[in-house]
Amino acid sequence: MHRMTSTQARHTRRAVLQSTVDAGARCATADPDLWFRADDESDADWQTRRTTAQRICAGCPVRAACEELALRNGDGEPDTDELIRAGYTGPELAAVRTAQAVRLAAAAEADRDTEGRQLDTLTTELHDALASNPDRKEAGQRLPSDRAQAAQNNRLRVLADQIRQIRTARRARAGWGVAA
Ligand code: SF4
């Protein structure tokens, strides 16, 4: 039986954290604005909403994964109180990030390696799909040309979307707002 090495496990950590949060986040069924301070919102109004968000986070089953993901993503600024993640304010997240700087740098490096490999694989798959003949067999049946073409177009769209998402995330981390 193939066993995953600790290095391989580290490289899959980010995807595991994200799917854990996606599957169980309490905020997914609440008003998402609750976790963000509105423009020009008074301190008193924001504190009330912030407390409500923190109470929901306190009972969230995926809070630990959410915290680790927020730290890996670099969420929160030391002097900007404008969001809540995993029950922490922005300055609180920044303080935890500073305290765990060495561990997080290693985690971010592993995340980047993972993305790089994903990007290589997806790009190869996209090139292969572009070069392939859409008039092919599926489950032993030859598909009519229009169905085969539609299936190939859909596959190309999915691959292109996945590549775009990874590139956008990488560019955002490098300081670009959006992918060109
Ligand atoms: S801990 Fe809070 S911010 Fe994180 S997923 Fe849960 S409810 Fe959302």
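Residues numbered from 1 in each chain as written. Predicted model: local features only at pLDDT ≥ 70, side-chain atom pairs only at ≥ 80, totals over all residues. Heavy atoms only, no water.

### As for the overall build of the protein chain
Then step 1. Looking only at helices and strands, the protein chain features six helices and four strands.
Then step 2. Counting from the amino terminus, helix and strand elements in the protein chain follow one another as α-α-α-β-β-α-α-β-β-α.
Then step 3. Residue burial in the protein chain is summarised as follows: out of 180 residues, 29% are buried.
Then step 4. Within the protein chain, residue pairs in contact and separated by at least 24 positions form 57% of the contacts whose partners lie at least 6 positions apart.
Then step 5. Summed over its atoms, the accessible surface of the protein chain is roughly 11600 Å², and 52% of this surface lies on carbon and sulfur atoms. (Helix = DSSP H or I, 4+ residues; strand = E, 2+ residues; numbered from the N terminus. Buried < 20%, exposed > 50% of the residue type's maximum accessible area, 1.4 Å probe, protein only. Contact = heavy atoms within 4.5 Å. Areas by Shrake-Rupley, 256 points an atom, 1.4 Å probe, with all protein chains shown as cover.)

### Description of unusual backbone geometry
Then step 1. Positioned with a positive phi, Asp40 is a non-glycine residue whose angle comes to about 60°.
Then step 2. Mapped onto the elements, Asp40 comes out in the loop between helix H1 (6-24) and helix H2 (43-58).
Then step 3. Taking the relative accessible area as the measure of exposure, Asp40 reaches 82% and is therefore exposed.
Then step 4. A positive phi is found at Ala86, a non-glycine position, where the angle reads about 55°.
Then step 5. With respect to the secondary-structure elements, Ala86 resides in the loop between strand S1 (84-85) and strand S2 (88-89).

### So, the site of the ligand
Then step 1. Residues in contact with the ligand, as listed here, are Ala25, Arg26, Cys27, Trp35, Cys57, Cys60, Arg63, Cys66 and Ala86.
Then step 2. Its residues assigned to classes, the shell around the ligand shows seven nonpolar, no polar and two charged. (Near = heavy atom within 4 Å. Nonpolar A, V, L, I, M, F, W, Y, C, P; charged D, E, K, R; others polar.)

### Notes on helix H5 (residues 101-131)
Note on helix geometry: an α-helix contains 3.6 residues per turn, so any two residues three or four positions apart are oriented the same way.
Then step 1. Its 31 residues give H5 an end-to-end C-alpha distance of 45 Å, which sits within 8% of 45 Å, the value for a rise of 1.5 Å per residue.
Then step 2. Taken as a whole, H5 has its buried residues at Leu104, Ala107, Ala110, Asp111, Thr114, Glu115, Gly116, Leu119, Leu122, Leu126 and Ala129. (Expected span 1.5 Å × (residues − 1).)

### Section: the side chain of Glu41
Then step 1. Locating Glu41 in the fold gives a position in the loop between H1 and H2.
Then step 2. With residues near it in sequence (within four places) discarded, Glu41 still touches Trp46 and Arg49.

### Thoughts on the environment of Trp35
Then step 1. Its location among the elements puts Trp35 in the loop between H1 and H2.
Then step 2. Residues Trp35 and Ala86 lie 51 residues apart in sequence; the distance between their C-alpha atoms is 9.9 Å.
Then step 3. For Trp35, the contacting residues outside a window of four places in its chain are Cys27, Ala30, Trp46, Ala53, Ile56, Cys57, Glu82, Leu83, Ile84 and Arg85.

### Details of helix H3 (residues 63-73)
Then step 1. Within H3, eight of the 11 residues are buried, leaving the element largely enclosed by the surrounding structure.
Then step 2. Among the residues of H3, those classed as buried are Ala65, Cys66, Glu67, Glu68, Leu69, Ala70, Leu71 and Arg72.

### Thoughts on the packing of H3 against H5
Then step 1. Viewed as axis vectors pointing N to C, H3 and H5 meet at an angle of 85°, and their least axial separation amounts to 9 Å. Relative to H5, the element H3 lies roughly perpendicular. Residues Glu68, Leu71 and Arg72 of H3 pack against Arg103, Leu104, Ala107 and Asp111 of H5.
Then step 2. When its residues are assigned to classes, the contact of H3 with H5 shows three nonpolar, no polar and four charged. (Axes fitted to C-alpha atoms, helices over the stretch in contact; angles between N-to-C directions. Parallel < 35°, antiparallel > 145°, perpendicular 65-115°, else oblique.)

### Topic: the packing of aromatic side chains
Aromatic ring pairs are described here by two measures, namely the spacing of the ring centres and the angle between the planes.
Then step 1. Considering all chains together, one arrives at zero aromatic pairs under this definition.
Then step 2. Note that Arg63 overlies the ring of Tyr88, its terminal NZ or CZ placed 5.7 Å from the centroid. (Phe/Tyr/Trp six-rings, centres within 6.5 Å; stacked < 30°, edge-to-face > 60°. Lys NZ or Arg CZ within 6 Å of the ring centre and 35° of its normal.)

### A look at the pattern of salt bridges
Then step 1. Under the definition given, this model contains eight salt bridges.
Then step 2. The residue Glu68 makes a salt bridge to Arg13 at a minimum N-O spacing of 2.7 Å. Note that Glu68 is positioned in helix H3 and Arg13 in helix H1, a separation of 55 residues in sequence.
Then step 3. Its relative accessible area of 35% is what places Arg13 among the partly exposed residues.
Then step 4. Two residues, Asp75 and Arg85, come together in a salt bridge whose shortest N-O distance is 3.5 Å. With a gap of 10 residues between them, Asp75 in the loop between H3 and S1 and Arg85 in strand S1 connect regions that are remote in the sequence.
Then step 5. For Arg85, a relative accessible area of 22% corresponds to the partly exposed category.
Then step 6. A network of salt bridges, in which partner residues are shared, links Arg13, Glu68 and Arg72. (Salt bridge = Lys/Arg side-chain N within 4 Å of Asp/Glu carboxyl O.)

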